[in-house]
Amino acid sequence: MASTVGVRDARRGSRIPAWLPPYLIGPWMLAAVLCAALLVLRGPDRAFVAALSGLFGLSIAWILVCVLWPARADRTCPSCGESSLRRSDPRSTRGVECPACGHRDEEQSSFLIAEDDGEPLEPIRLEERRLAETRTAGR
Ligand SMILES: [Zn+2]
């Protein structure tokens, strides 16, 4: 039960609908393995063509959804649930902080928040790359 609550907490603010039960992933994967075994044993048939067409159509639909509704910055704080996350360092695309509750995560990516704020990302990324190369060359 605790893991289900954790999954729900992780889904808060995400695009995955809350009604989609995570325990369906196992049966879906098992069904995929059974279908693959049937394909190997019996060869391709009408059901295979229908399933492949459905999968192809679903992937095209997914690409269209991703292109027409691109990802937005998730500013939901994992500690207090407020939509108040902001970047902790304006010179980096790493690290977020919540002014509402004081939550900080230096490892979380803040790339989408920077992009959402309209910051020019190229100078930030070039500076981060230069710093990484300097650290690597210093070894
Ligand atoms: Zn917070």
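Residues numbered from 1 in each chain as written. Predicted model: local features only at pLDDT ≥ 70, side-chain atom pairs only at ≥ 80, totals over all residues.

**Quick look at the overall build of the protein chain**
- When you go through the protein chain residue by residue, the secondary structure sums to five helices and three strands.
- In the protein chain, the succession of α and β elements from N to C terminus is α-α-α-β-β-β-α-α.
- Residues counted as buried form 6% of the 139 residues belonging to the protein chain.
- Excluding contacts between residues fewer than 6 apart, the proportion of contacts in the protein chain whose partners are at least 24 apart in sequence is 29%. (Helix = DSSP H or I, 4+ residues; strand = E, 2+ residues; numbered from the N terminus. Buried ≥ 20, exposed ≤ 12 C-beta atoms within 10 Å, placed from the backbone. Contact = placed C-beta atoms within 7 Å.)

**A closer look at helix H3 (residues 46–68)**
- Its 23 residues place the ends of H3 33 Å apart at the C-alpha level, agreeing with the 33 Å of an ideal helix rising 1.5 Å per residue.
- Where burial is concerned, little of H3 is hidden: zero out of the 23 residues are buried. (Expected span 1.5 Å × (residues − 1).)

**Points about the pairing of strand E3 (residues 104–109)**
- Burial of E3 is sparse: only zero of the six residues sit out of reach of the surface.
- Sheet topology places strand E2 (residues 94–97) next to E3; three bridges connect them, and they run antiparallel. From the neighbouring strand, Glu-97 faces E3, where its bridge partner is Arg-104.
- From the end of E2 to the start of E3, which pair antiparallel, there are six residues, and Gly-102 there has a positive phi angle of about 90°. (Pairing = 2+ DSSP bridges.)

**Quick notes on the pairing of E2**
- Of the strand pairs in this sheet, strand E1 (residues 86–87) and E2 are connected by two bridges, and their pairing is antiparallel. From the neighbouring strand, Arg-86 faces E2, where its bridge partner is Glu-97.
- A loop of six residues connects E1 with E2, the two strands running antiparallel in sequence.

**Comments concerning the sheet that holds E1**
- With antiparallel pairing, the three strands of this open sheet are ordered in space as E1-E2-E3. Of all strands in the sheet, those bounded by a partner on one side alone are E1 and E3.

**Quick notes on the confidence of the model for the protein chain**
- When pLDDT is averaged along the protein chain, the result is 84, and 87% of the positions lie at 70 or above.
- The model gives residues 1–8 a pLDDT under 50, and that stretch makes two contacts with residues more than four places away or in other chains. (pLDDT = per-residue confidence, 0-100.)

**Re the environment of Glu-107**
- Along the chain, Glu-107 falls in strand E3.
- Residue classification places Glu-107 among the exposed residues on the basis of 7 C-beta atoms within 10 Å.
- The spatial distance from the C-alpha of Glu-107 to the C-alpha of Thr-93 is 9.7 Å, given a sequence separation of 14 residues.

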